[in-house]
Amino acid sequence: MNGKVVDNSRRKFLKNSGLVTLSTFLPLSIYACQPDKTSKIRFGLTTDSHYADRENSGTRCYRDSIAKMNEFVEVMNSEKVDFVAHLGDFKDEDLKQEEADTLRYLETLENAYAKFDGPRFHCVGNHDVDSIRKEQFLSHIENTGIDKSKSYYSFDKEGFHFVVLDANYHADGRDQFYKEGADWQDANIPEVEFNWLKQDLEENDLPTIVFCHHPLYEFNKEGAKFHVNDYQRFQQLFEASGKVLAVFHGHVHAEEHTQINGIHYVTQLGMVDYQGLENNSFAIVEIDDQAIHIKGYKRVSDLTLEF
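Given the structure is predicted, the values throughout are model-derived calculations rather than measurements. (Residues numbered from 1 in each chain as written. Predicted model: local features only at pLDDT ≥ 70, side-chain atom pairs only at ≥ 80, totals over all residues. Heavy atoms only, no water.)

We now examine the sheet that holds strand E2 (residues 83-86). Within a sheet, adjacent strands bond to each other through the backbone by hydrogen bonds, running parallel or antiparallel. The strand order across the open sheet formed by 6 strands is E3-E2-E1-E12-E13-E14, and the pairing between neighbours is mixed. Edge positions in the open sheet fall to strand E3 (120-122) and strand E14 (303-306), since each of these has one partner strand only. Averaged over neighbouring strand pairs, the angle between their axes works out to 20° when direction is ignored. In the sheet, E2 pairs with E3 via 3 bridges, with the strands oriented parallel. Its bridge partner lying in E3, Ala 85 is registered against Phe 121. Across the sheet, helix H3 (residues 65-79) lies against strand E1 (41-46), E2, strand E12 (281-287) and strand E13 (291-298), angled at about 25° from E12, the strand it touches most. Those strands touched by helix H4 (residues 99-113) are E2 and E3, and its axis lies near 145° from that of E3. (Pairing = 2+ DSSP bridges. Helix = DSSP H or I, 4+ residues; strand = E, 2+ residues; numbered from the N terminus. Axes fitted to C-alpha atoms, helices over the stretch in contact; angles between N-to-C directions. Contact = heavy atoms within 4.5 Å.)

This is the structure we're talking about:
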C-alpha cells in the first residue's frame with residue numbers, strides 16, 4: 001500500500017467543498033468523542049457477477065449470482081443507501097455463445113438488480129460485450145436518469161459528482177465485441193471519451209468519485225494485463241482537476257488499494273467467485289468529512305481511505 005500523499009490544490013478544493021474542516025487536523029482521539037458524525041452519502045457497490053446458466057468453472061459459480069444479487073439488493077434496501085453501482089461484467093455467456101441465451105441471462109439478473117428501491121447504475125465490463133454488442137447490453141439495463149445510448153456518463157448525488165467510464169474500445173475507437181475476436185487485455189478509452197471526461201471535470205465543482213471496470217493504474221496478474229492502455233494520461237487528468245477523491249474498479253477479482261499522488265485506486269472482489277451466499281462479496285461505501293469508509297460484506301474487507 002502506497003504512502004499517503006495529498007497535494008495542496010486538492011486539500012484546498014476539499015476544504016472549499018466542505019469536506020475538510022478544522023476537525024480534520026485534530027488528534028484521532030478527539031473523533032472518538034464525536035459519535036454523532038454522520039456520512040454525507042452512502043452507496044452500495046458490487047462487481048463481476050458474471051451470471052449465466054452454465055456449470056462452475058474454477059472459482060466461478062455462475063448460477064449462484066442470482067441468489068447473491070438478491071442478497072445484495074435486500075441488504076442495500078434495508079440499509080437505505082442513496083444508490084447502488086455495479087462495476088461491470090454484470091452477466092456472462094454459456095459455451096454455445098448464443099445471443100438469445102446471453103440476453104436472457106442479462107434480463108434475469110437485471111430484474112433482480114432492479115428490485116433495489118432507488119437509483120442504480122452500471123459500468124460496462126468486457127464480459128458484457130461477449131456474445132452481444134454494447135448497444136444490446138445498454139438497451140437491456142437501466143442507468144437511472146441516463147440516456148440508454150450512453151456507456152460513459154456522470155451524475156450528482158448529495159453534493160458529490162460521480163463519473164462512470166467505459167474502456168471497452170479498440171485503439172481506433174471502435175466498440176469491442178469479443179465474439180468477433182476482440183482482445184480482452186487491450187482495453188482503451190478513446191479520444192472522444194477522454195475529451196468528454198476533461199470537460200466534465202472542468203465543469204464540475206463537486207468532489208468526485210470515478211467508476212471504471214478496468215483499472216486506471218498498472219495491474220498485471222498471472223502474466224495478464226488488466227489495466228487500461230495509456231492509464232497514466234487519465235491519472236494526470238484526475239490530479240490536475242484537484243477534485244477526484246477515489247477511483248473504483250472491478251475486472252481483476254482481487255482486493256487491492258493503492259494511492260497515487262493523493263488519489264485512491266481500489267479494486268473489488270468478484271461476486272461470482274466461490275459457491276454459496278457465505279462467499280458473497282459487496283460493500284457499502286460511506287463518505288464523511290474526513291474519509292471514504294468501505295464497509296465490506298462477507299468476503300470483502302473493511303477499508304478507510306483518508307483524504
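We are not done yet, so read on.
The next point concerns the packing of helix H6 (residues 191-203) against helix H7 (residues 231-241). One way to put it is that H6 packs onto H7 with a least axis distance of 10 Å and a crossing angle of 10°. The orientation of H6 relative to H7 falls into the category roughly parallel. Between H6, through Glu 191, Phe 194, Leu 197, Lys 198 and Leu 201, and H7, the contact on the second element is made entirely by Arg 233, Phe 234, Leu 237, Phe 238 and Ser 241. In the contact of H6 with H7, the residues fall into 6 nonpolar, 1 polar and 3 charged. (Parallel < 35°, antiparallel > 145°, perpendicular 65-115°, else oblique. Nonpolar A, V, L, I, M, F, W, Y, C, P; charged D, E, K, R; others polar.)

A few words on the packing of aromatic side chains. All told, the structure shown has 22 aromatic pairs when counted by the stated rule. Judged by centre distance (5.3 Å) and plane angle (70°), the ring pair of Phe 72 and Phe 282 falls under edge-to-face. Residue Phe 72 is found in helix H3, and its partner Phe 282 is found in strand E12; the two are separated by 210 residues along the sequence. On the basis of relative accessible area, Phe 72 is assigned to the buried category, the value being 0%. (Phe/Tyr/Trp six-rings, centres within 6.5 Å; stacked < 30°, edge-to-face > 60°. Buried < 20%, exposed > 50% of the residue type's maximum accessible area, 1.4 Å probe, protein only.)

The next point concerns the nonpolar core. Within soluble globular proteins, side chains that are nonpolar generally end up buried alongside one another. Core analysis: the biggest nonpolar cluster contains 31 residues, and Met 69, Phe 72, Met 76, Val 84, Phe 90, Leu 106 and Phe 137 have the highest contact counts within it. No other element matches H4, which puts 6 residues into this core. For Phe 90, the contacting residues outside a window of four places in its chain are Ser 49, His 50, Tyr 51, Met 69, Leu 106, Leu 109, Glu 110, Tyr 113, His 122, Asp 128 and Phe 137. Cys 123, Val 164, Ile 209 and Leu 269 belong to the second largest nonpolar core, which has 29 residues in total. (Core = buried A, V, L, I, M, F, W, Y, C linked by side-chain atoms within 4.5 Å.)

Quick look at the packing of H3 against H4 now. The N-to-C vectors of H3 and H4 enclose an angle of 20°; their axes lie 8 Å apart at closest approach. On the basis of the axis angle, H3 is roughly parallel to H4. The element H3 and its partner H4 pack so that their crossing is right-handed. For the pair formed by H3 and H4, the contact residues are Ser 65, Ile 66, Met 69, Asn 70, Phe 72 and Val 73 on the first element and Thr 108, Leu 109, Ala 112 and Tyr 113 on the second. Here the contact of H3 with H4 is composed, by residue class, of 7 nonpolar, 3 polar and no charged. (Left-handed = near helix turned anticlockwise from the far one by under 90°.)

For the structure on display, the rule yields 17 salt bridges. Residues Arg 120 and Glu 110 are paired through a salt bridge, measuring 3.2 Å at the closest nitrogen-oxygen approach. Within this pair, whereas Arg 120 is found in strand E3, its partner Glu 110 is found in helix H4, the two being separated by 10 residues in sequence. Overall, the relative accessible area of 5% leaves Glu 110 in the buried class. In this structure, the salt-bridge partner of Arg 133 is Glu 180, at a minimum N-O distance of 2.6 Å. With Arg 133 in the loop between E3 and helix H5 (134-139) and Glu 180 in the loop between strand E5 (160-165) and H6, this residue pair connects regions lying 47 residues apart in the sequence. (Salt bridge = Lys/Arg side-chain N within 4 Å of Asp/Glu carboxyl O.)

By the element assignment, Thr 144 lies in the loop between H5 and strand E4 (153-157). Among the residues examined, Thr 144 registers a relative accessible area of 26% and is labelled partly exposed. Through-space distance from the C-alpha of Thr 144 to that of Arg 120 is 5.7 Å; in sequence the pair is 24 residues apart. Beyond its immediate chain neighbours, meaning those up to four positions away, Thr 144 contacts Pro 119, Arg 120 and Phe 121. Within the structure, Thr 144 has its side chain in polar contact with the side chain of Glu 142 (distance 3.1 Å). (Polar contact = N/O pair within 3.5 Å; in protein donor to acceptor, adjacent residues only side chain to side chain.)

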